[in-house]
Amino acid sequence: MSAADAAGADAVGVAESAAGTAVPPRKKMLELDDLHVFYGAIQALKGVHIEVNEGEIVALLGANGAGKTTTLRTISGLLTPREGEVRWRGERIDGVPAHHVVGLGIGHSPEGRRVFPAMTVTENLNMGAYRFKSVPKAELDRVFELFPRLAERREQLAGTLSGGEQQMLAIGRALMGQPKLLLLDEPSMGLAPLIVAQIFEIIREINEQGTTVLLVEQNAAQALRLAHRGYALETGSVVLSGPADRLLSDPKVREAYLGEGA
Amino acid sequence: MQPDEILDYLIPGIMLGALYAVIAIGYTLVYGVLQLINFAHSEVFMVGAYSALLALTWIDPSTNPTALVSVLLVAAGLAVSGTAGAATAFALEKVAYRPLRRRNAPRLAFLISAIGASYFLQNLAGKLFGRDSRALPTLFENKKVFSVFGTQVTILQLLIVCAAVLMMVGLDYLVNRTKLGSGIRAVAQDAETAGLMGVDIDKVISRTFIIGGFMGGIAGFLFGLHLQLSFTMGFLPGITAFAAAVVGGVGNIRGAMMGGMLLGIVESFSSPIFGESWRYVSAFAVLVLVLMFRPTGILGERLGRSA
């Protein structure tokens, strides 16, 4: 598929968008083109194609070891693909080191939260703004507004926060870099359903305020209810993709990811 | 030892401890960001002392300068030894460690590289400066400045303690209050995530070596002000300061300060109590004792946790 042909119109989603929820034609932001990524001799991604358009929430689903985290790590420059390209607004960024990728406007909230345990909440948030000369005050206010819990605990060491609070901090920290695209790796991991619902609601809010989101989740049902479009990975390849509502009602998806049928 | 002699040993102990603390910080800083014991740090210390010797004898070849010239020489010695130490540490990281990091070498390779670099620098110094002991000019002719309960304190002792304390205060500020400091702490706690925040890990590691090397080089000069210089002079203070870093909890900056002070004072008191030959045994006995009860050291956590 030529990238130019599809510009402004998501190849999979556009036919459905007329019927389902409105997904207006959008500008392509991120493209993963035939990504092959290896850990030593082991191939983790086998030709992955994924696109993210401006303004969307895209869910990336799949079981453990399917390659979801590897995909995000390749986007943010922690891994370099052996073949294929990562394009950010049309320009190749594969091979660009992680500390430069964040400067392009790609924020990454990593798997397992990875807050800096011996820093306070505020220090963690300041780290998120490390790429700026000084910490943007407005952004800090916005994060505290999105996550009032963090504001209450701003002087507390991150290592002593609960799992849900650490997740909020990880997302807030990524937001401090003022990303255009936010990569979220399993924000629901290990959290109580009530907290997960809360965090997903905040992700929706972040998206409505203009940040594009690529969301990696094992919790497929919840992720698809939030997302505009979705991709399903299996052993390093995309096996299904389409608008979220269609995936949600797809019998194959219901069987494989929502634990029905079988 | 008589009670009224306590200060006669406490004051030199504090001086020695301050120096150990400054050197120990060099080990602990690097351990924090790389989880590596930079065994060549003792040679950074030696280079600091020799660079000061070269500079001082070049400025004023007499062995007994006047007080005014002494002030100038101390300033020059601090500047030159700090710069030489920083440059040596910077080069060490580039040559001995970074290539291994690029290739994801196993930990053992770093250790061997560290020991190799240490021997290389030691013998290079032996070749360049000769294998005999040398001495820095006697500055201030060991003038006493004041006495505490009858114990005289020399200008040199005061100078050494002040310089060491100033460096430690400065470092504490740098690590806890500056942007580079937050980068260092972030890399120490989670290097990969620090990278995701935009921290250039290579740059932070390089600067960490420079900071540790600057302090280690100056410690070498200060040490040389009251002891002889030799190409192997780094070994004992280096290994003692390493023990101090471990006693304090390796990776923890304030722990290194405490550990250094503790070992310096213990070492100073051990010779009147147990005899001079037990001097170096005592510091390592403390190491063993501390590790028996607190295997992670006194403040045993990682760099960022309390620094």
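Residues numbered from 1 in each chain as written. Chains lettered and ligands numbered in written order. Predicted model: local features only at pLDDT ≥ 70, side-chain atom pairs only at ≥ 80, totals over all residues.

**As for the overall build of chain B**
Moving on, step 1. A count of helices and strands for chain B gives 11 helices and two strands.
Moving on, step 2. Counting from the amino terminus, helix and strand elements in chain B follow one another as α-α-α-α-β-β-α-α-α-α-α-α-α.
Moving on, step 3. The C-alpha atoms of chain B give 19 Å as radius of gyration, which agrees with the globular expectation for 307 residues (19 Å, within 12%).
Moving on, step 4. Dimensions of chain B along its principal axes, counting C-alpha atoms only, are 55 × 45 × 35 Å.
Moving on, step 5. The buried share of chain B, reckoned over its 307 residues, is 52%. (Helix = DSSP H or I, 4+ residues; strand = E, 2+ residues; numbered from the N terminus. Rg over C-alpha atoms; globule rule 2.2 N^0.38 Å. Buried ≥ 20, exposed ≤ 12 C-beta atoms within 10 Å, placed from the backbone.)

**Some points on the interface of chain B and chain A**
By a frequent convention, interface size equals the accessible area lost on bringing the separate parts together.
Moving on, step 1. Every contact between the two is made by 16 residues of chain B and, on the other side, 20 residues of chain A.
Moving on, step 2. Listing elements by their share of the side of chain B that touches chain A, those giving two or more residues are helix H6 (179-196) and helix H11 (303-306) of chain B.
Moving on, step 3. Per-element tally for the side of chain B that touches chain A: the top contributor is H6(B), with nine residues.
Moving on, step 4. Across the side of chain B that touches chain A, the residue classes tally to four nonpolar, six polar and six charged. (Contact = placed C-beta atoms within 7 Å. Nonpolar A, V, L, I, M, F, W, Y, C, P; charged D, E, K, R; others polar.)

**Looking at the sheet that holds strand S5 (residues 91-92) of chain A**
Moving on, step 1. Read across the sheet, four strands follow the order S2-S1-S4-S5 (chain A) without closing on themselves; strand pairing throughout is antiparallel. The open sheet is flanked by strand S2 (42-53) and S5 of chain A, the only strands paired with a single partner. (Pairing = 2+ DSSP bridges.)

**A few points about the sheet that holds strand S8 (residues 212-217) of chain A**
Residues and elements named next belong to chain A.
Moving on, step 1. Pairing is mixed across the open sheet formed by six strands, whose spatial order is S6-S7-S8-S3-S9-S10. Looking along the sheet, the strands with just one partner apiece sit at the ends: strand S6 (106-109) and strand S10 (237-243). Sheet twist, expressed as the average angle between the axes of neighbouring strands with direction ignored, equals 15 degrees.
Moving on, step 2. The sheet strands contacting helix H3 (residues 68-75) are strand S3 (57-61), S6, strand S7 (181-185), S8 and strand S9 (229-234), and the helix crosses S7 at an angle near 145 degrees. (Axes fitted to C-alpha atoms, helices over the stretch in contact; angles between N-to-C directions.)

**So, the confidence of the model for chain A**
Moving on, step 1. Per-chain confidence: chain A averages 90 in pLDDT, with 89% of residues scoring 70 or above.
Moving on, step 2. Segment residues 1-20 of chain A is flagged for pLDDT under 50; beyond a separation of four residues in sequence, or across chains, it makes 27 contacts in the model. (pLDDT = per-residue confidence, 0-100.)

**Remarks on the UniProt feature "transmembrane region" (unreviewed entry) in chain B**
All names here are of chain B.
Moving on, step 1. According to UniProt, the feature "transmembrane region" (unreviewed entry) maps to residues 6-30, 42-59, 71-92, 104-125, 145-175, 204-223 and 229-248 in the numbering used here.
Moving on, step 2. Overall, residues 71-92 shows 100% helix and 0% strand. The separation of its end C-alpha atoms is 31 Å.
Moving on, step 3. Segment residues 145-175 splits into 68% helix and 26% strand. End C-alpha atoms: 34 Å apart. (UniProt positions renumbered as here; feature names shortened; annotations may be inferred.)

**Concerning the pairing of S10(A)**
One face of the sheet, then the other: side chains in a regular strand alternate in exactly this way.
Residue and element names in this part refer to chain A.
Moving on, step 1. As paired strands, S9 and S10 are joined by six bridges and run antiparallel to one another. In the sheet register, Ala232 faces S10, and the bridge partner there is Leu240.
Moving on, step 2. The turn linking S9 back onto S10 is made up of two residues, and Thr235 within it adopts a positive phi angle of 35 degrees.

**A closer look at helix H1 (residues 6-34) of chain B**
All names here are of chain B.
Moving on, step 1. If you check H1, its first and last C-alpha atoms are 40 Å apart, about what 29 residues at 1.5 Å a residue would give, namely 42 Å.
Moving on, step 2. Among the 29 residues of H1, 22 are classified as buried, and the element is accordingly described as predominantly covered.
Moving on, step 3. With its phi angle positive at about 50 degrees, Gln35 sits one or two positions after the end of H1. (Expected span 1.5 Å × (residues − 1).)

**Comments concerning the environment of Leu104(A)**
All names here are of chain A.
Moving on, step 1. Within the fold, Leu104 resides in helix H4 (residues 98-104).
Moving on, step 2. Along the primary structure Leu104 and Leu32 are separated by 72 residues, whereas in three dimensions their C-alpha atoms are 16 Å apart.
Moving on, step 3. Discounting chain neighbours no more than four positions away, the residues touching Leu104 are Trp88 and Ile93.

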